[in-house]
Amino acid sequence: MSCHSPNNKSRSELKFKDTINIALAGNPNVGKSVIFNQLTGLSQTIGNWPGKTVERMEGQLEFLGYHFNIVDLPGIYSLSTFSLEEIVSREYVVSEEVDIIINVIDATNLERNLFFTFQLLELQVPMILAINQMDLLRKRNIDLDFKELEKIFKLPVLPVVAVHGTGVHQLLEEAIELVVYRHPHHHYNYRRRSSRESKHHGHHYYRVEHIHDKSKSKESMKKNFEFPELNQVKSFGKEVELKILNLIEKISEYQPFLSSHNYPSRFLAIKLLENDNEIIKIFETSEEGKSIVQLSKKYREELENLHGEDIHTIISLEIYSNIKKIIDLVLITKLKKSARKKTLIDFFDHLTTHSIFGYLVLIGILFGIYFFTFSIGDFFASLIDNTFIVWSNIIYAGFSENNVWVKIFWDGGVGGFFGAVGGVLVYVIPFFFVIEILQDSGYLPRAAFLMDRIMHSLGVHGKTIIPMILGFGCNVAACAGCRIMETEREKKISVALTSIVPCAATMTVVLGLVGRYLGFYWILILFMINLSVIFIVGRLLNKILPGQCTELIMEMHEYRVPNYKVIFKQTWVRSKEFIFKAMPIMLLLGIILEILLIFNALEPVNVILSPITVFWLGLPAITGVFLIYGILRKELTLVLLSILANSLNTSLLVLLTPVQMIVFSLVTMLYIPCFATIILIAKQTNWKYAAQISLLEIGLALLIGGVINFGFLIFTSF
Amino acid sequence: MSEESLTNKENQIKGTSLNKCLTECEKGEEVSVIRVNAGHNAKTRLANLGVVPGTKITKTKNAPFKGPIEIIVKGSSLVIGRGLASKIIVACKESCLN
């Protein structure tokens, strides 16, 4: 996997360029990605965190003479070990790679957002608080006292309206200030600059003159950075605090250990108390560490007995009570809060979660996705296919038809390229576009809300419906969407289920064959079979995979008008990922297939496959090769079949019996995810699992196809 | 609405704090969390999201077919699977005041 590895950009190189590495952190849906997009534009890359299946978004920009490298961390609520995202985030934030955190906070949801801020504070990394959606808050006649906030946190706190780009670049100025120019032993004094108040976008500030003053190297400053002392704000109630102080003391005595990691001792103490597996693992490497773990265990039990609550609840309560104090200080309610008026947004919310209309809307959206992806994709697909045919004729006019190299290069390489563009990419791009709209508007959690109950019988909670809905357009993109699942187990079940959902390409086969020649009811029957396969696979994986089905806990955001900038950029970034990661493999495969075809190596394939295709499924022998091609592009099975019929001057009706049509369509629907999907399953999980899922689906497809074939045989023989 | 006020009346008459699970609440009822009897992971997750004892929450939606429920907690709306919701013990506001 050509992961984008963050570590490899050699540190020495960075020193010279004066790079500032920023980590954007915050809850999900607080406008982090909007800020990220505003800052980095199109210079983004999506990769995976090394060795993890968590997505890593990274972007660059130049600003005020500095090079900024910004990593958009996954949206999380806490720094515990609930999900991989949380572990990845906290390990990254304390690593050498991060100079400063920008914590994006949703002003309309201050209390919950500050909970995460408090966790970040414990990591003692230079930090800026960016309070987003201030416009919305002010609309509600509420304001925040930023002076007071900076006084409390002793860190820069800035108002931002990300969707308009207001205040976004000030964050970077503040970052320069904090990382480069801040005197190490000088606490952040509250200073107000005119630049912040006047929210203009120009960048001519008094600080420009400092830019070439590189006498203060960033590196030395960062090491000396003294995180503000926030005991006043952070300390817990007496019982808990005393235990934490004791643990800190023990940890600090344990010198050899301290040098080997980056976590501050207070963070470690809290996490030990919280029974955090990852942290305990670090400690349990030595006897001394083990004794600290034992002590923390004793403390935990004492606290739990005292409060009659588990430790997480106790600590969360402490943090929330600290937050409450802050909120009381900074929240300015200008007028009496008026009762919220019923708005259009509420109406949509009501409609889409309604027990009848909600499902109708859901079905409508499914058809919508399918229709949109299909109609746009189809238009460009035929355009591209025709171009290829025209060019092919020109090429072959110039060369002999039997020139092997031309065949390999043109039919295999170029043909493979056109196949990938015309067959997959044109569907994938409009599809990513719809996904982004659905995601950004906030609809998808509503679908999860409606479907939770049903999905539970498949061993996953309602969220899985999100990638599955997407699967109706394109399995490839949808499998990439499975990253939203929290646990490894849910991810595994979700990708498997998603890969069986009939995508737009599969639908062309079903519609073009069964729909056209046998009628609508047969399509319905095929769909029912497909749905039951999804059900069976879900039940099966639920049984096989270790662990238990977790309950749905999901934030349901208000609807909002999608931000077109974000949508276009995200569509492009995702398409780019597909173009550069999945397409090269497809090209290679096209060339290999062409070579096999030239040497007639596929004829034996038909023969080898004939026990399955001819005997078991009752299909013509030639379909063996078609099905192989179908792995590359599912609709190729039908395309090749039509070409064959044309060359024989017959119609498909002569070529295939109705039963064969049904079996052929069904097998195409189920037998294996397309190659690009397999690649993405592997990316989300691992290659072994991708292979297992493919085999499972082949098995199921053959089983069902065979049963139908023999069922009809027996039925008709009576 | 009438049903809701009836229950509240009943509670007041009884004069006891009537604990019940979140699933039993009426739509639109404001309650305060007494206890979360869930497993370790779910409990941590809920605590992170602000569902801790003492928090006031409002139940806003019931998904059809005994699906999940939606609550408002600390200004944000949260969807919780029904199985988990039934493990969240709450007391209605009136009875808390008494």
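Residues numbered from 1 in each chain as written. Chains lettered and ligands numbered in written order. Predicted model: local features only at pLDDT ≥ 70, side-chain atom pairs only at ≥ 80, totals over all residues.

J.: Tell me about the environment of A:Ile282, residues and numbers included.
T.: Residue and element names in this part refer to chain A. Within the secondary structure, Ile-282 sits in helix H14 (residues 277-283). Under the C-beta neighbour-count criterion, Ile-282 is labelled partly exposed, with 18 such atoms within 10 Å. Along the sequence, Ile-282 and Asp-106 sit 176 residues apart, while their C-alpha atoms lie 34 Å from each other. (Helix = DSSP H or I, 4+ residues; strand = E, 2+ residues; numbered from the N terminus. Buried ≥ 20, exposed ≤ 12 C-beta atoms within 10 Å, placed from the backbone.)

J.: Before we move on, can you summarise the nonpolar core with the specific residues and values?
T.: All names here are of chain A. Counting residues in each nonpolar core, the largest one holds 203 residues, and the members touching the most others are Leu-24, Ile-100, Ile-128 and Ala-130. Broken down by element, the residue count for this core peaks at 13 residues, all from helix H19 (residues 404-441). The contact partners of Ile-128, leaving out residues within four places of it in the chain, are Ile-100, Ile-102, Leu-155, Pro-156, Leu-158, Leu-171, Glu-174, Ala-175 and Leu-178. (Core = buried A, V, L, I, M, F, W, Y, C linked by C-beta atoms within 7 Å. Contact = placed C-beta atoms within 7 Å.)

J.: Which residues make up the packing of helix H16 (residues 311-330) of chain A against helix H2 (residues 40-48) of chain B, and what values do they have?
T.: What describes two packed helices is the angle between their axes and the distance between those same axes. Look at H16(A) against H2(B): their axes get within 9 Å of each other, and the N-to-C directions meet at 5°. Viewed along their axes, H16(A) and H2(B) adopt a mutual orientation that is roughly parallel. Contacts between H16(A) and H2(B) pair A:His312, A:Thr313 and A:Ser316 from the former with B:Lys43, B:Thr44, B:Ala47 and B:Asn48 from the latter. A class-by-class count of the residues in the contact of H16(A) with H2(B) yields 1 nonpolar, 5 polar and 1 charged. (Axes fitted to C-alpha atoms, helices over the stretch in contact; angles between N-to-C directions. Parallel < 35°, antiparallel > 145°, perpendicular 65-115°, else oblique. Nonpolar A, V, L, I, M, F, W, Y, C, P; charged D, E, K, R; others polar.)

J.: Explain the interface of chain B and chain A to me, and be specific about the residues and the numbers.
T.: Many analyses report the size of an interface as the accessible area lost when the parts associate. Facing the 30 residues of chain B at the interface are 32 residues of chain A. Elements supplying a minimum of two residues to the side of chain B that touches chain A: H2, strand E5 (76-80) and helix H3 (82-85) of chain B. Considering each element in turn, the side of chain B that touches chain A owes the most residues, 8 residues, to H2(B). The residue inventory of the side of chain B that touches chain A, partitioned by class, reads 14 nonpolar, 10 polar and 6 charged. Inspection of the sheet shows strand E10 (residues 553-555) of chain A paired to E5(B) by 3 bridges, in the antiparallel sense. Note on E5(B): the bridge partner recorded for A:Glu555 is B:Leu78. (Pairing = 2+ DSSP bridges.)

J.: Just give me the short version of the packing of helix H29 (residues 623-632) of chain A against helix H30 (residues 636-647) of chain A, but keep the residues and values in it.
T.: All names here are of chain A. Across the interface, H29 lies against H30 with an axial gap of 7 Å and an inter-helix angle of 140°. By the angle class used here, H29 and H30 are oblique. Taken together, the residues of H30 that come into contact with H29 (itself represented by Phe-626, Leu-627, Tyr-629, Gly-630 and Leu-632) are Leu-636, Thr-637, Leu-640 and Leu-641. Tallied by class, the residues present in the contact of H29 with H30 amount to 7 nonpolar, 2 polar and no charged.

J.: Explain the domain arrangement of chain A residue by residue, including any values.
T.: Residue and element names in this part refer to chain A. Parsing chain A into structural domains produces domain 1 (6-227), domain 2 (235-333) and domain 3 (357-717). The partner domain 3 presents 15 residues to the 13 residues of domain 1 that form the contact. Put simply, the parts of the chain that give the side of domain 1 that touches domain 3 at least two residues each are helix H2 (32-40) and strand E2 (44-48). Here the side of domain 1 that touches domain 3 is built from residues that sort into 6 nonpolar, 6 polar and 1 charged. (Domains from an automatic or database assignment.)

J.: Tell me about the sheet that holds strand E6 (residues 88-92) of chain B, and please be specific about residues and values.
T.: Read across the open sheet, the 7 strands follow the order E10(A)-E5(B)-E4(B)-E3(B)-E2(B)-E6(B)-E1(B); overall the sheet is antiparallel. Bordering the open sheet on either side are E10 of chain A together with strand E1 (19-21) of chain B, each of which pairs with just one other strand. Strand after strand, the sheet turns through a mean of 40° between neighbouring axes, direction not considered. Sheet analysis places E1(B) next to E6(B), joined by 3 bridges and oriented antiparallel. Within E6(B), the residue paired with B:Lys20 across the bridge is B:Val90.

J.: Account for the confidence of the model for chain B, naming residues and giving values.
T.: A low pLDDT score tells you not to read the predicted coordinates there in detail. Residue and element names in this part refer to chain B. Residue-level pLDDT values for chain B average 79, and 77% of them are 70 or greater. The least confident element of chain B, judged by mean pLDDT, is helix H1 (residues 2-14) at 47; the most confident is strand E4 (residues 69-73) at 92. For residues 9-16, every residue scores under 50 in pLDDT, and the model assigns this stretch 8 contacts once sequence neighbours within four places are set aside. (pLDDT = per-residue confidence, 0-100.)

J.: Give a detailed account of the environment of A:Asn69, specifying residues and quantitative values.
T.: Residue and element names in this part refer to chain A. Mapped onto the elements of the fold, Asn-69 is located in strand E4 (residues 66-72). In the structure, Asn-69 is positioned 10 residues away from Gly-59 in sequence and 6.0 Å away in space, judged by C-alpha atoms. Apart from the residues within four sequence positions on either side, Asn-69 is in contact with Thr-19, Asn-21 and Gln-60.

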